[in-house]
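# Per-entry structural report
Listed below are the residues making up each chain.
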Amino acid sequence: MRKLIWILAFSLLGITSIVLWARLRFMPSYSGEVIIPTLNAATEVLYDSVGIPHIYASNMEDAYLALGYVHAQERLFQLEMMRRVGTGTLAELLGEDVLDIDRFFRTLGIPNHAKWSTEVWDAAGDSDWKKAVNAYIQGVNQFIGEGKLPIEYSLLGHSPREFTVNDMHGIVGYLSFTFAMAIRTDPLVTKMARQLGPDYLKVLSVHTLPEHFVIPTHYPDRTDSSLSIDTQRSTVSLLDRLPVPLLEGSNGWVIGPEKTASGAVLFCNDTHIGFSQPTVWFEAHLEYPGFSFYGNHMAGIPFALLGHSRKHSLGLTMFENDDQDFYEEIRNPSNNAEILYGESSVPIEVRVDTIHIKGKEPVVLEVESSAHGPFMNEVIPEIAALTENPLASWWVYTQYPTVALEALFKLNHAENINEVEAALRLVHAPGLNVMYGDASGNIAWWAAAKLPVRPPNVNSKLFIDGSDPKNEIVGWIPFEENPMSINPLVGYVASANNQPDTLSNGIFYPGYYYPGDRWNRISKALESRDDWTQESIQTLQLEVINENHPVNARIMLSQIDAGLLRGAPSISDILSSWNGNHELETVAPTIYYKWLYHTLHDMMADELGEADFETYLATFLYIRSTPSLIRNEASPWWDNVLTEKVETRQDIIREALRKSLDELTAQFGPDTTMWQWKESVQLEHPHPLGAKKPLDRFFNVKVGPVPANEEAVNKLPFRLNGTGVYKVLSGPAMRIILDFAVVDRSLSVLPTGQSGNVFSPWYDNQAKWYANGKYRFQLMDREQIEAAEVTRKLFRPQSATTETK
């Protein structure tokens, strides 16, 4: 026994020693000095109580160099994953398992586009944004060369190469791709059109329906001088395996001074992004003469995608405009290396790439393309199964080199609404809804993107005949005609990824928009009072009510007779009285989503097949079409084509309820009061290495149940399925509330924490706050920052002897 005790004691001592050694070896350094010879002057970084770096420099380049260093210290492995996705080099680090991801992104052309953008960048003259970018890159590389690399590199046996501007452009390309809904949706819609016919499609919401909520537009008077500006795995499965999150949607609203208690603009934004560890956003506050900005940064990007100065605030939601088309080419029967176009034929272009694979020989990738774009058949199984003709991807993003870095620099440094709009004119893709408010009382929303004009005969949701010249893009909509609303009379602007109203040129622009359930709740709330505050608006930002789901549930109940509910009469009461709330103690969502899954599955899987049905549930079509599917009694989807009987809506819904009640009873027991929503919901923030056990226990951040929902304002969606267990996949990647009356103490929270280093005290310290709907301050006042300061770090040149004051 004594021997066993000694063995256990020595084992515990060994484990403790290893943990202490690892903490000492890999934990970030938040104090002391860093010597950087190229710095112009000493630069301070003050870390507050939640790990936000507040950078005080005497000039722009020193500020961005320090930002690059501290950003890399917290998020280097996240930067590594993002640049490798965007440059098609994941397999070089992670091996053959991710080769198909590299093939996909290289075929789509993102790495090639990054090189083009870098060539244009290098050829351009000197500028402030180039100086800032170069300084940031120098800071990142200073850390790579001298800092304590995170433990992930040791586990993978890898040392990071230097960071480059081409990596930045690759990251921008990855971010742009995450907005591209067509690649997941158009092949499925085309299959439905070709194999099922128009009666099946017209029941779905392929395009915006009259009952959907649109964003009102309010165009400025351009003669007003105050606004005068110089002019073999499914695709879904592949995307699920990306080691970086996808952007899913967002909410943003800005309330004018006439509707707030303070008499100043009140700004709110929560971007919806796939949950991951670390979280997407990295917060940083920069101060140097003439510049003060608190922003949310993506790994590897020196300029904030959203944030605020003391004069203005910027937020984002996804525009969801249709910016990608698929052209079905026809090979020349007499020459396989050509395609037909009009009355003639044109040669197919071939691009050759080499993909390096960890522990394996390189793979040569040949990508065929036409003038429309690269052929995607080899990397999208749904396309290969649907057509043998080459299918070319025409994507707005790859039509022009990106100038996103210039645009972001100008947005961060803008002095007024005119300069913000001028910067947004540089955005060609992805489509962004940019929300704006300022200290002067202006509020605005712009849809920033280059919008192609398609011929009236083209349905952009279906494959297009690439051999017909009449199907080509005919031009571009001028920025002045893009959707926007500037200082509208209603006193607020709001966006929730829904359809913008008719443009000033009369076009109702196509896209992959959400139905507007969130926008409707936001709009009704904002209309209801004129005394909003940072405190009162929190209730709206955290709301988990959807008004459409109870309507669906009551229609489904109307198809059920009392006999089927015998023994479970409370089911009817629970669903008929449900107001759409998804709080954890409610029972209705547990019943509703199980029943909805079986209803949709029994409606659609017979026509689509199991794989395409799962794809359908992962597209915007599921969210937009469910109400019309459930409410249309004459829909052909109700009939099971695999049986001789012609099934009705009542047949499908009744059988779906029977299955659901049996499964819920088996899962939770017969007492319906025990079927609370919290028993069905799970949330885990996955780290890229957490997919391998037991590393999940070390890297992943697990959180208790959250009020999961589809299309409530506090959107916490999950993949609908038949198991009765719903894993929350995405949600607000931050929640921001800013009152310009107290701009130095705006509110925010991150889903996990500020750091991506597992040994940092700020790795997951915000996870419980986020799950429980709590906020913390975004500090900008130095006196308040020093009062909340935990540590400070000094960066100085070799010759510096004094600290910045």
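Residues numbered from 1 in each chain as written. Predicted model: local features only at pLDDT ≥ 70, side-chain atom pairs only at ≥ 80, totals over all residues. Heavy atoms only, no water.

## Overview of the sheet that holds strand 13 (residues 344-347)
The three strands lie next to each other as 11-12-13, forming an open sheet whose pairing is antiparallel. Edge positions in the open sheet fall to strand 11 (331-332) and strand 13, since each of these has one partner strand only. Inspection of the sheet shows strand 12 (residues 335-341) paired to strand 13 by four bridges, in the antiparallel sense. Residue Leu 340 lies in a different strand from strand 13, and its bridge partner there is Ser 345. (Pairing = 2+ DSSP bridges. Helix = DSSP H or I, 4+ residues; strand = E, 2+ residues; numbered from the N terminus.)

## Observations concerning the pattern of salt bridges
Enumeration over the complete set of coordinates arrives at 43 salt bridges. The salt bridge partner of Asp 651 is Lys 645, with a shortest N-O separation of 3.5 Å. Salt bridges sharing common partners tie together Glu 80, Arg 83, Arg 84, Glu 92, Arg 161 and Asp 167. (Salt bridge = Lys/Arg side-chain N within 4 Å of Asp/Glu carboxyl O.)

## Re the environment of Leu 657
One can find Leu 657 in helix 22 (residues 649-668). Distance in space between the C-alpha atoms of Leu 657 and Glu 610 is 20 Å, their sequence separation being 47 residues. The residues contacting Leu 657, other than those within four sequence positions of it, are Ile 560, Leu 564, Leu 565 and Trp 595. (Contact = heavy atoms within 4.5 Å.)

## Focus on helix 19 (residues 588-608)
End to end, helix 19 covers 29 Å across 21 residues, agreeing with the expected 30 Å (1.5 Å per residue, within 8%). The principal kink in helix 19, of about 35°, is found at Asp 602. Counting buried positions over the 21 residues of helix 19 gives 21, a clear majority of the element. (Expected span 1.5 Å × (residues − 1). Bend = angle between axes of the 7 residues up to and from the residue. Buried < 20%, exposed > 50% of the residue type's maximum accessible area, 1.4 Å probe, protein only.)

## Describing the nonpolar core
Ranked by size, the top nonpolar core spans 202 residues in total, and within it Tyr 64, Trp 281, Trp 446, Tyr 616 and Trp 637 carry the most contacts. Counting residues per element, this core draws most heavily on helix 2 (residues 60-87), which supplies 15 residues. Among all residues touching Tyr 64, those that are not within four sequence positions of it are Ala 132, Ala 135, Tyr 136, Leu 286, Tyr 288, Phe 291, Pro 302, Phe 303 and His 413. (Core = buried A, V, L, I, M, F, W, Y, C linked by side-chain atoms within 4.5 Å.)

## Some remarks on the packing of helix 2 against helix 8 (residues 165-178)
Following both chains from N to C, one finds helix 2 and helix 8 inclined at 80°, their axes separated by 7 Å at the closest point. Accordingly, the angle class assigned to the pair helix 2 and helix 8 is roughly perpendicular. Contact with helix 2, carried on its side by Met 82, Arg 83, Val 85, Gly 86 and Thr 87, involves Asn 166, Asp 167, Gly 170, Ile 171, Tyr 174 and Leu 175 of helix 8 and no other residues of that element. Looking at the contact of helix 2 with helix 8 residue by residue, the classes come out as five nonpolar, four polar and two charged. (Axes fitted to C-alpha atoms, helices over the stretch in contact; angles between N-to-C directions. Parallel < 35°, antiparallel > 145°, perpendicular 65-115°, else oblique. Nonpolar A, V, L, I, M, F, W, Y, C, P; charged D, E, K, R; others polar.)

## Focus: the side chain of Thr 260
Topologically, Thr 260 is positioned in the loop between strand 4 (247-255) and strand 5 (266-274). Polar contacts involving the side chain of Thr 260 include one to the main-chain amide nitrogen of Gly 263, which spans 3.2 Å. A distance of 2.7 Å separates a polar atom in the side chain of Thr 260 from the backbone oxygen of Ala 264. In this view, Thr 260 contacts Ile 255, Leu 266, Asp 530, Asp 531 and Trp 532; residues no more than four positions away in its chain are not counted. (Polar contact = N/O pair within 3.5 Å; in protein donor to acceptor, adjacent residues only side chain to side chain.)

## Digging into unusual backbone geometry
A negative phi angle is the norm for most residues apart from glycine, just as the trans form is the norm for most peptide bonds. Note the cis peptide between Gln 277 and Pro 278, where omega equals 5°. Inspection of the secondary structure assignment puts Pro 278 in the loop between strand 5 and strand 6 (282-288). With an omega dihedral of 0°, the bond running from Ala 429 to Pro 430 counts as a cis peptide bond. Structurally, Pro 430 is set in the loop between helix 14 (417-424) and strand 18 (432-438). At Glu 320, a residue that is not glycine, the phi angle is positive and equals roughly 65°. Positionally, Glu 320 belongs in the loop between strand 9 (312-318) and strand 10 (324-328). Here Glu 320 falls in the buried class, since its relative accessible area comes to 2%. The phi torsion at Glu 711 lies on the positive side, around 70°, for a residue other than glycine.

## Re the packing of aromatic side chains
Scanning the model with the defined rule gives 36 aromatic pairs in all. For the ring pair Phe 104 and Phe 177, a centre distance of 5.5 Å and an interplane angle of 70° mean the geometry is edge-to-face. On the criterion of sequence distance, the pair formed by Phe 104 in helix 4 (residues 99-108) and Phe 177 in helix 8 is long-range, its members being 73 residues apart. In this structure, Phe 104 and Phe 177 share a single accessibility class: buried. Summarising the aromatic geometry, the rings of Phe 303 and Phe 409 are spaced 5.4 Å apart at their centres and angled 75° between planes, so their arrangement reads as edge-to-face. Here Phe 303 is found in the loop between strand 7 (291-297) and strand 8 (306-308), whereas its partner Phe 409 is found in helix 13 (residues 404-412), with 106 residues between them in sequence. An identical accessibility class is assigned to Phe 303 and Phe 409; each is buried. Connected via pairs of aromatic rings, a cluster forms that spans Tyr 64, Trp 129, Tyr 288, Phe 291, Phe 293, Phe 303 and Phe 409. (Phe/Tyr/Trp six-rings, centres within 6.5 Å; stacked < 30°, edge-to-face > 60°.)

## Some words on empty space enclosed by the protein
In this structure, the largest cavity occupies an estimated 350 Å³ of space. Lining the largest cavity we find 26 residues, and of these Leu 305, Ala 404, Leu 408, Pro 430 and Leu 432 sit closest to its centre. Elements represented by at least two residues in the lining of the largest cavity include exactly helix 8, strand 9, helix 13 and strand 18. Looking at the lining of the largest cavity, the element that brings in the most residues is helix 13, giving four residues. Tallied by class, residues from the lining of the largest cavity come to 22 nonpolar, four polar and no charged. Approximately 100 Å³ is the volume attributed to the second largest cavity. (1 Å grid on protein atoms, 1.4 Å probe; cavity = no way out; pocket = protein on both sides within 12 Å on 5 of 7 lines; lining within 4 Å. Points joined across faces, edges and corners; volume = space filled by probe spheres on them.)

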